[in-house]
Amino acid sequence: MLDDDITEVRETSPLLPRKNSDPSFSSSSPIFSRISSKSWAFHVSLATALLNCLWAGSVLIFSLYAPLFNEKLGYRQMQINAVSIATELGMYLPVPVFGFVCDRLGPSRLSLLSTMFFGPGYALAAATYLRAWDYKVMVTAFALIGMGTSAMYFAGVTTCAKNFTGRRGLALALPIAAFGLSSLWQAQVVSRVFTGEKGLQVERVFAFFAISLVIVGLIGSVGLQVSGEDQGDSISEEEEEDEKSWVNADTRAFLSDRSMWWFAGGVFLVTGPGEAFINNMGTLIQTLRPIPSTSNSSPPPNVDPTLQVSLIALTSTIARLLAGSVSDYLAPPTPTSHLPPVPRAHRRIYCSRIYILFFFAAIMFSGFFLVASGTIHSHPELFWLVSSSIGAGYGAVFCLAPTIVSVVWGTKNFGTNWGVVTITPALGAVVYGCVFAGEYDAGTGESSACYGWECARYSFAVMAGSVVLAVVGWYGVWKGWKRAGVVV
């Protein structure tokens, strides 16, 4: 592995247990770790990580074919929501286990594991759609797809997080942005290649992903490598034994830290509504149509779901790159054990990553408010504002939150630590997805569809309020970190 040839930053944090430093350790912190004789392996690892993330987001175009589950298969909205919830649970609940696999066995093993979920999952989904099987079978298929998504994505992100510690924000922004771009290009390919005279051929889409994602996962199982995986000679036997355990000293400190749970609660309150919107956007667009009647001759609004999915992917990707790069430039320097404090004469104006997080949370709030206030149902042509604002906020939070986790609690156990935090989006998707589905189904009456502002006003008001509550909670956590000497 890339051990002696790639240097990295030694991290310290008041929230982590301190260990004896290695006097022979020396490093620098450029934008990426310096490379010498094994640069080929470094570049292969980076390219493979981005490839993994560029393909992993196939599940993000779920809203393209979710309405067809209702039209072709006869699933009710609550049943469709059960499929999307199964996807979210598959994506997020196993992440602590996936993080442990990355931290102990390496990302390449996790990329290989993703093929065992993607292949059977999409194959089962294709068969279920083609033969119109019960929605419970589709739930099982998408639970597997969700696990494959998480495994492939996490393998790429963890590779970059562990290899590039000099610029944490940008190191995480690149693979996370690639993940956002995956739904952008996949939505365009699906709408152009797999759309025939009878509409979108969903079973062919699923078959395509069943094959292609297995190939990408196999490539990742070979190409993903982490520098310093063999640096075990300088630690004691007791420390080595602790590192092999499921919950080592750093992980115990992380789990016992109350501020982590408050921070994770904020992630729940922001990403949950974001997940619910992305999964139900196709259904929400249908509510913009006028109620079918002979007395109402208004034409249906021209809101293309494919365009909106692409818009979410684009704004999310731009926000991830912008948030990552801006936070690296404006955030105060992270303390390290080998670098002295920055001299006062060389200091410039700094802006905490928390303020940047607040800024994007406010943008996300505006999207939910536009729906809750009825503005979008009165002016459907402005739906792009909802997609853009929620997409930007959602993407930035998923870039800044893991960056903050790596800064506050270090990158050695980043896979496990961030895996614990990412359980919250799954729970949020369940809660807010059910809130929307309940309000929607209550407004359907005797028909299978709901039309108008009444289908979403209360659920989106709850989502908007949750974002405000998250900002309040994060502000309190940040004040506690400042008192503890944690620079974010």
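Read on for an overview of the structure. (Residues numbered from 1 in each chain as written. Predicted model: local features only at pLDDT ≥ 70, side-chain atom pairs only at ≥ 80, totals over all residues. Heavy atoms only, no water.)

1. Looking at the overall build of the protein chain
In plain terms, the rule: Only DSSP runs of H or I covering at least 4 residues are called helices, and only runs of E covering at least 2 are called strands; the numbering of each starts at the N terminus. Partly exposed describes any residue whose relative accessible area lies between the buried limit of under 20% and the exposed limit of over 50%, with all areas from a 1.4 Å probe on protein chains only and scaled to the type maximum. The contact definition used throughout considers only heavy atoms, calling two residues in contact when any of these lie within 4.5 Å. Under the convention used here, a 1.4 Å probe and the Shrake-Rupley method define accessible areas, while residue burial counts only the protein chains that appear.
Scanning the protein chain from terminus to terminus reveals 18 helices and 2 strands. The buried share of the protein chain, reckoned over its 488 residues, is 55%. Put simply, 82% of the contacts in the protein chain that link residues at least 6 apart link residues at least 24 apart. A total of about 20000 Å² of accessible surface is found on the protein chain, and carbon and sulfur atoms cover 62% of it.

2. With respect to the state of the cysteines
Stated formally: When two cysteine sulfur atoms are found within 2.5 Å, that pair is recorded as a disulfide.
According to the stated counting rule, one finds 1 disulfide in the structure shown. Between the sulfur atoms of cysteine 450 and its disulfide mate cysteine 455 the distance is 1.9 Å. Note on the cysteine 450 and cysteine 455 pair: the S-S dihedral is about -95°, so by sign convention the disulfide is left-handed. A relative accessible area of 3% means that cysteine 450 is categorised as buried. Assessed through its relative accessible area of 0%, cysteine 455 is described here as buried.

3. Points about the environment of glutamate 381
Within the secondary structure, glutamate 381 is located in the loop between α14 (375-378) and α15 (383-409). Each C-alpha atom, one on glutamate 381 and one on valine 303, is 7.1 Å from the other, the two residues being 78 residues apart in sequence.

4. Re the pattern of salt bridges
Going by this rule: Basic side-chain nitrogens of Lys or Arg form a salt bridge, by our definition, when they fall within 4 Å of a carboxyl oxygen of Asp or Glu.
One pass over the structure, following the stated rule, counts 2 salt bridges. Among the salt bridges present, the one from aspartate 103 reaches lysine 162, with a minimum N-O distance of 3.1 Å. Of the two residues, aspartate 103 sits in helix α4 (residues 95-105) while lysine 162 sits in helix α6 (residues 135-163), which places them 59 residues apart along the sequence. We note that aspartate 103, like lysine 162, is buried. Linking arginine 353 and aspartate 328 is a salt bridge whose minimum nitrogen-to-oxygen distance equals 3.4 Å. Pair noted here: arginine 353 is in helix α13 (residues 353-372) and aspartate 328 is in helix α12 (residues 305-330), with a separation of 25 residues, a long-range link.

5. Let's talk about helix α3 (residues 77-92)
For clarity, the cut-off: Multiply 1.5 Å by the residue count of a helix minus one, and that product is the helix's expected span.
Taking 1.5 Å of rise per residue, 16 residues should cover 22 Å, and α3 covers 22 Å from first to last C-alpha, within 8% of that figure. When you tally the buried positions in α3, you get 12 out of 16 residues, the bulk of the element. Structurally, α3 contributes buried residues whose contacts are with α2 (62-71), α4, α6, α11 (258-286), α15 and α17 (423-442).

6. A few points about a nonpolar patch on the surface
The following threshold applies: Exposure above 30% relative accessible area and the absence of a salt bridge qualify a residue for a patch, where like charges join within 9 Å and nonpolar side chains (Val, Leu, Ile, Met, Phe, Trp, Tyr) within 5 Å.
Among the surface-exposed residues, Leu112, Met116 and Leu218 lie close enough to one another that they form a single nonpolar patch of about 260 Å² accessible area. With respect to the helices and strands, the residue leucine 218 is situated in helix α8 (residues 202-223). For leucine 218, a relative accessible area of 42% puts it in the partly exposed group.

7. Quick look at the nonpolar core
Note the following rule: In this description, a nonpolar core means a group of buried Ala, Val, Leu, Ile, Met, Phe, Trp, Tyr and Cys residues linked to one another through side-chain atoms lying within 4.5 Å.
Core analysis: the biggest nonpolar cluster contains 130 residues, and Tyr65, Phe69, Phe142, Phe206, Phe277, Phe460 and Trp481 have the highest contact counts within it. Per-element accounting of this core gives the leading share, 14 residues, to α15. Apart from residues no more than four positions distant in its own chain, phenylalanine 69 is found in contact with Phe62, Gly74, Tyr75, Ile80, Val83, Tyr129, Met138, Phe142 and Phe206.

8. So, the packing of α4 against helix α16 (residues 414-421)
Note the following rule: Axis angles are defined between N-to-C directions and span 0 to 180 degrees, where every axis is a line fitted to C-alpha atoms and, for a helix, only to the segment in contact. Angular relationships are summarised with four words: roughly parallel below 35 degrees, roughly antiparallel beyond 145, roughly perpendicular across 65 to 115, and oblique for the angles in between. Note that Gly is not counted as nonpolar here; it falls among the polar residues with everything else outside the nonpolar set of Ala, Val, Leu, Ile, Met, Phe, Trp, Tyr, Cys and Pro and the charged set of Asp, Glu, Lys and Arg.
Relative to each other, α4 and α16 sit at 175°, their axes nearing to 7 Å. One element, α4, and the other, α16, form an angle in the roughly antiparallel class. Facing Val95, Pro96, Gly99, Phe100 and Asp103 of α4, the residues of α16 in contact are Phe414, Gly415, Thr416, Gly419 and Val420. By residue class, the composition of the contact of α4 with α16 is 5 nonpolar, 4 polar and 1 charged.

9. Side note on the packing of aromatic side chains
Worth spelling out the cut-off: Only Phe, Tyr and Trp rings take part, Trp by its six-membered ring, and two of them pair if their centres are within 6.5 Å. Stacked means planes under 30 degrees apart, edge-to-face means over 60, and tilted covers everything else.
As enumerated under the stated definition, the model contains 37 aromatic pairs in all. The interplanar angle of 35° and the centroid separation of 6.1 Å between the aromatic rings of phenylalanine 263 and tryptophan 474 together place this pair among those described as tilted. Residue phenylalanine 263 is found in helix α11, and its partner tryptophan 474 is found in helix α18 (residues 457-483); the two are separated by 211 residues along the sequence. Like tryptophan 474, phenylalanine 263 is buried. Ring centres 4.9 Å apart and planes at 75° place the aromatic pair tyrosine 355 and tryptophan 478 in the edge-to-face group. Taken together, the residues tyrosine 355 in helix α13 and tryptophan 478 in helix α18 connect sequence positions 123 residues apart. The class of tyrosine 355 is partly exposed, set by a relative accessible area of 44%. Its relative accessible area of 5% is what places tryptophan 478 among the buried residues.

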